[in-house]
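Residue-level structure breakdown
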Amino acid sequence: PALSPQPPLPLCVPQVLAMAEDPRAAVAGQTKRLNSGAEGVERLGENGHQDKRLKRGADEEDAEDQGKKSPKRKIVLLMAYSGKGYHGMQRNMGSSQFKTIEDDLVSALVQSGCIPENHGQDMKKMSFQRCARTDKGVSAAGQIVSLKVRLIDDILEKINNHLPSHIRILGLKRVTGGFNSKNKCDARTYSYMLPTFAFAHKDHDVQEEVYRLDKETLDRVNKLLSCYKGTHNFHNFTSQKGPRDPSARRYIMEMSCGEPFVRENMEFAVIRVKGQSFMMHQIRKMIGLVIAIVKGYAAESILERSWGEEKVDVPKAPGLGLVLERVHFEKYNRRFGNDGLHEPLEWAEEEQKIALFKEQFIYPTIINTEREEKSMANWLSTLPIHDFNSSAVEMQTNNKNSKNSSDLEGSDGCGDDSD
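- An unreviewed UniProt entry lists the protein chain under the name Pseudouridylate synthase 1 homolog, with Tyrannus savana as the source organism.
- Turning to the protein chain, the UniProt record has this under Subunit (unreviewed entry): "Monomer. Forms a complex with RARG and the SRA1 RNA in the nucleus."
- The Sequence similarities (unreviewed entry) comment attached to the protein chain in UniProt states, word for word, "Belongs to the tRNA pseudouridine synthase TruA family."

Structure representation (structure tokens):
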């Protein structure tokens, strides 16, 4: 079926796929703006395949040689990753059983010779900062991290050689010495991909694969999502923040749901939200509450009530469909983007690589996991457990007596986003 004029998901990207059957090829040429080194050539063994032992030895020798002469510079890396199987972005030192995206990233930085091994143990030594702490299972197409590294030759290729294919560094730019990717970020844009049967009314018997979202329901979804725009007190949309905590007030710039489309015989839609910053689980709870209203479990008035001081039971949608799309540095770009020394932190040249990565790793993971594990369908079955009319006293009593599986999902301590 036809998509909207600006479809959230390109249905066909043959021209992009033709560019790179191997995702690693998508990053070739990026370092030409930084170094004039020749393109790396993989050593091949007698059987025609890369000899990993020889290559690893060469990398170590290169790192040793270049470490003596390569300057350390503050940079940002544009990252894309599929979050399935990871306990979020942020590294949990001392908790090796909870693998994170940064565990794999730091290992690749050390092995490629960009940072000394001790910097991997103490990330403050390389001034490391992530722009957003994505939660368990959450993916990213435009994550940004800032850090100090040795600017070795063919730096992107060498880092990516030590990363799994579902984590890629797609771009690199020099930034000012005091740059901090979290503090300098003006806004963040997330998308949330979900099967449209999530919006079917609870009183209707729904066959998941044949359900199709009608225009009237989509219009109602967008009307509800637009209520979030502006500044509100979101203390009910996260944990451990009271109604009078100033940090619970957040500014939402845009939020809407795009036209539905069909993948693998199931209809999906994508919700996009742009805000200055988000608290842990905030986006998933914003979407969860709208679903509860559209399905008929909660009255529309609960939105206004949730921004007041009263404690409101807000359900948290699954983490599977959440993707960090891009981060915005408008103030930084205005001040330093055209100073002759630094580039603006915009990634127009990397858009094709981002689209390719999403088509190869993020969208198939969301679709296949939904079909196999039925994360949305299982979560929807927990909505009747919530009491959307409870008073604060009743909720405290209920919380002491029971913990349902939805509350426990994603409770590993990592945030959806940034705070």
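1. A word on the overall build of the protein chain
- Looking only at helices and strands, the protein chain features 13 helices and ten strands.
- Buried positions account for 53% of the 419 residues belonging to the protein chain.
- Taking contacts inside the protein chain between residues at least 6 apart in sequence as the whole, the part at least 24 apart equals 78%.
- Entry remark: accessible area of the protein chain is about 19,600 Å², with carbon and sulfur atoms responsible for 46%.

2. Remarks on the packing of aromatic side chains
- Across all of its chains, the model carries nine aromatic pairs by this definition.
- Each ring, one from Y190 and one from F278, has its centre 5.7 Å from the other, and the planes form 90°; the classification is edge-to-face. One end of the pair, Y190, is in strand β5 (residues 187-195); the other, F278, is in the loop between β9 (266-275) and α7 (282-294), and 88 residues separate them in sequence.
- Assessed through its relative accessible area of 0%, Y190 is described here as buried.
- Take F278: its relative accessible area is 0%, and that puts it in the buried class.
- Note on F234 and F237: the rings are 5.3 Å apart at their centroids and 75° apart in plane angle, and the pair reads as edge-to-face.
- Aromatic rings pair up to connect F179, F329, Y332 and F336 into one cluster.
- Sitting over the ring of W347, K173 keeps its end group 4.9 Å from the ring centre.
- Taking NZ or CZ as reference, K202 lies 5.8 Å from the ring centre of Y297, over its face.

3. Looking at the nonpolar core
- Membership of the largest hydrophobic core comes to 108 residues, with the highest contact counts inside it found for Y228 and I291.
- Top contributing element to this core by residue count: α7, with nine residues.
- Residues lining this core come from more than one domain, with at least three contributed by each of domain 1 (72-183) and domain 2 (187-329 + 348-387).

4. Focus: helix α3 (residues 101-112)
- Helix length check: α3 (twelve residues) gives 17 Å between terminal C-alpha atoms against 16 Å at 1.5 Å per residue, within 8%.
- Of the positions making up α3, those classed as buried are I101, E102, D104, L105, V106, A108, L109 and S112.

5. Re the environment of I152
- Inspection of the secondary structure assignment puts I152 in the loop between β3 (139-150) and α5 (155-161).
- A sequence separation of 80 residues divides I152 from K72, and the C-alpha atoms of the two residues are 9.4 Å apart.

6. Quick word on the state of the cysteines
- A full pass over the atoms with the stated rule returns zero disulfides.
- No disulfide involves C131; its sulfur sits 3.6 Å from that of C185, the nearest cysteine.

7. Topic: the pattern of salt bridges
- Scanning the model with the defined rule gives 17 salt bridges in all.
- Measuring nitrogen to oxygen at the nearest pair gives 3.6 Å for the salt bridge that ties K84 to E373. With K84 in the loop between β1 (72-81) and α3 and E373 in helix α10 (residues 351-373), the pair connects residues that are 289 residues apart, well separated along the chain.
- Judged by relative accessible area, which is 41%, K84 ranks as partly exposed.

8. Considerations on α7
- Between its first and last C-alpha, α7 extends 19 Å over 13 residues, near the 18 Å set by a 1.5 Å rise per residue.
- The element α7 is largely enclosed, with a buried count of 13 among its 13 residues.
- G296 occupies a position one or two residues after α7 and carries a positive phi of about 95°.

9. A word on the packing of helix α6 (residues 215-226) against α7
- The N-to-C vectors of α6 and α7 enclose an angle of 135°; their axes lie 10 Å apart at closest approach. In terms of orientation, α6 and α7 fall into the oblique class. As for the relative orientation of α6 and α7, their crossing is right-handed in sense. Counted together, T217, R220, V221, L224 and L225 of α6 and V290, I293 and V294 of α7 form the full contact between these two elements.
- Partitioning the contact of α6 with α7 into residue classes produces six nonpolar, one polar and one charged.

So, how was this worked out
Residues numbered from 1 in each chain as written. Predicted model: local features only at pLDDT ≥ 70, side-chain atom pairs only at ≥ 80, totals over all residues. Heavy atoms only, no water. UniProt positions renumbered as here; feature names shortened; annotations may be inferred. Helix = DSSP H or I, 4+ residues; strand = E, 2+ residues; numbered from the N terminus. Buried < 20%, exposed > 50% of the residue type's maximum accessible area, 1.4 Å probe, protein only. Contact = heavy atoms within 4.5 Å. Areas by Shrake-Rupley, 256 points an atom, 1.4 Å probe, with all protein chains shown as cover. Phe/Tyr/Trp six-rings, centres within 6.5 Å; stacked < 30°, edge-to-face > 60°. Lys NZ or Arg CZ within 6 Å of the ring centre and 35° of its normal. Core = buried A, V, L, I, M, F, W, Y, C linked by side-chain atoms within 4.5 Å. Domains from an automatic or database assignment. Expected span 1.5 Å × (residues − 1). Disulfide = S-S within 2.5 Å. Salt bridge = Lys/Arg side-chain N within 4 Å of Asp/Glu carboxyl O. Axes fitted to C-alpha atoms, helices over the stretch in contact; angles between N-to-C directions. Parallel < 35°, antiparallel > 145°, perpendicular 65-115°, else oblique. Left-handed = near helix turned anticlockwise from the far one by under 90°. Nonpolar A, V, L, I, M, F, W, Y, C, P; charged D, E, K, R; others polar.

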